[in-house]
Amino acid sequence: MNAMYKKYFLGIDGGATWCRMRLIDDVGTVLAEAKSGPTNLYLGEDIVLTHLQECLTGILKRAGLGVDIYPYTYVGAGMAGAESLSQAVWLQGYFNDFADFGYISDCHIACLGAFNGGDGALFSVGTGSVGWAISRGKNYRIGGWGFHVSDKSSGAWIGRKAVCCALEVYDGLYDSALGAYILQQFHTNPNAIVEWSFRAKPMDYASYAPLVSKYADAGDATATRILQRAGDGVSTMVKVLMHKASCDKWCLVGGLAPTLIPYIATDIVAHKHPVHGDALDGALLFARHLSEKKI
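So, a few notes on the structure that sits alongside this text. (Residues numbered from 1 in each chain as written. Predicted model: local features only at pLDDT ≥ 70, side-chain atom pairs only at ≥ 80, totals over all residues. Heavy atoms only, no water.)

## Quick notes on the overall build of the protein
Helix and strand content of the protein: 12 helices and nine strands. Taking 295 residues into account, the globule formula puts the C-alpha radius of gyration at 19 Å, and the protein, at 21 Å, falls close to it. Over its C-alpha atoms, taken along the principal directions, the protein stretches across nearly 70 × 40 × 30 Å. The buried share of the protein, taken over its 295 residues, is 50%. Sequence-distant contacts in the protein: of pairs separated by 6 or more residues, those separated by 24 or more amount to 64%. (Helix = DSSP H or I, 4+ residues; strand = E, 2+ residues; numbered from the N terminus. Rg over C-alpha atoms; globule rule 2.2 N^0.38 Å. Buried < 20%, exposed > 50% of the residue type's maximum accessible area, 1.4 Å probe, protein only. Contact = heavy atoms within 4.5 Å.)

## Quick word on the packing of aromatic side chains
One pass over the structure, following the stated rule, counts 11 aromatic pairs. Residues F95 and F101 carry aromatic rings whose centres are separated by 4.2 Å and whose planes lie at 10° to one another, so their mutual orientation is stacked. Classification of F101 as buried rests on a relative accessible area of 9%. Taken together, Y70, Y94, F95, F98, F101 and Y103 form an aromatic cluster joined through their ring pairs. A cation over an aromatic ring shows up here: K35 above the ring of W18, its NZ or CZ 4.0 Å from the ring centre. One cation-aromatic arrangement involves R141 over W145; the distance from NZ or CZ to the ring centre is 3.7 Å. (Phe/Tyr/Trp six-rings, centres within 6.5 Å; stacked < 30°, edge-to-face > 60°. Lys NZ or Arg CZ within 6 Å of the ring centre and 35° of its normal.)

## Description of empty space enclosed by the protein
Under the criterion given, the structure shown has one cavity of 30 Å³ or more. Looking at the largest cavity, its volume works out to about 40 Å³. Counting residues per element, the lining of the largest cavity draws most heavily on helix α1 (residues 45-63), at three residues. When the residues that make up the lining of the largest cavity are grouped by side-chain class, the tally is eight nonpolar, one polar and no charged. (1 Å grid on protein atoms, 1.4 Å probe; cavity = no way out; pocket = protein on both sides within 12 Å on 5 of 7 lines; lining within 4 Å. Points joined across faces, edges and corners; volume = space filled by probe spheres on them. Nonpolar A, V, L, I, M, F, W, Y, C, P; charged D, E, K, R; others polar.)

## Comments concerning the pairing of strand β3 (residues 30-36)
Of the strand pairs in this sheet, strand β2 (residues 19-25) and β3 are connected by six bridges, and their pairing is antiparallel. Each bridged residue has a counterpart across the sheet, and for C19 the counterpart in β3 is S36. Adjacent in sequence and paired antiparallel, β2 and β3 are bridged by four residues, among which G28 carries a positive phi angle near 95°. (Pairing = 2+ DSSP bridges.)

## A closer look at the environment of A200
Here A200 is to be found in the loop between α6 (190-199) and α7 (202-206). In this structure A200 comes out as buried when scored by relative accessible area, which is 16%. Sequence separation of A200 and C165 is 35 residues, and the distance between their C-alpha atoms is 16 Å.

## Some remarks on α1
In an α-helix, one turn spans 3.6 residues, which is why side chains three or four residues apart end up on the same side. For α1, spanning 19 residues, the distance from its first C-alpha to its last is 26 Å, which sits close to the expected 27 Å at 1.5 Å a residue. Along α1, the residues classified as buried are V48, L49, H51, L52, C55, L56, G58, I59 and L60. Looking at the buried positions of α1, the neighbouring elements they touch are β1 (8-14), β2, β3, β4 (73-79) and α2 (89-94). Once α1 ends, the next one or two residues include G64, with phi positive near 70°. (Expected span 1.5 Å × (residues − 1).)

## What to know about the sheet that holds strand β8 (residues 138-142)
Within the open sheet, the four strands sit side by side as β8-β7-β6-β9. Their pairing is mixed. Each of the sheet's edge strands pairs with one partner strand only, and the pair in question is β8 and β9 (250-253). The sheet shows a mean angle of 15° between the axes of neighbouring strands, direction not considered. As paired strands, strand β6 (residues 120-125) and strand β7 (residues 129-135) are joined by six bridges and run antiparallel to one another. Looking at β7, one finds that S124 is bridged to V130. Strands in contact with helix α3 (residues 106-114) are β6, β7, β8 and β9; relative to β7, the strand with the most contacts, it is inclined by about 55°. Contacting β6, β7, β8 and β9, helix α9 (residues 221-245) crosses the sheet at an angle of about 160° to β8. (Axes fitted to C-alpha atoms, helices over the stretch in contact; angles between N-to-C directions.)

What follows is the structure in structure tokens.
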């Protein structure tokens, strides 16, 4: 069938670590997926649009389609940083050739996908952390204000605690195999850690999170304590989020989800539901909503 007689939907998950896209046709068939670099809006126009273009070029190539589908394609995007940069005119302009385009926060589309557009609360723990709930047509958020002032229990938060542990081991405050190992990576030079911290980004800190999990499994008390504090943080935030939204079910997503489950309070885990779909499913639901407004 000629492209001009079809309707397409493009879902975008524009996160702080990567950008993902999924293209489907009007009957829901997945035509292609693609992935590129980070598209957090705070990175600025040049970086974000470069990675969006890389992803879009890749998805069209994989689908065997061309730019002639743009006028028949509805684009729903979840973009990291959208809560604060809700008037990114340059982003709207990039999608001018499409049938319609809209963007909301990346955690919002993740919640849409997790509950298939229904009500519920979602907590995401990856490099950063954030909670989002949808209930009775309203949205609720907790956390996710950025590494320097928020993102408790995230990979970056856990990794920072691990790096602090290395310096405390060097100072002789206590013994920890985790701290000793990290210290060795910096040639037992605390000044090297300090210099590294000046240029380290959240992803750099988050790279130490798997190491914390490894040492906790091996019985290191400090590593276990870090993960327990992270689990306690998730428990508290989820409890508050569900109370705010007056909902009784939640989902946990993100790369650190399996690691933190054993450290989350049992009464909170009891209300945890399986995830229905991912963030791209949520973005595609949003894209379909844009299409329905046009009919």
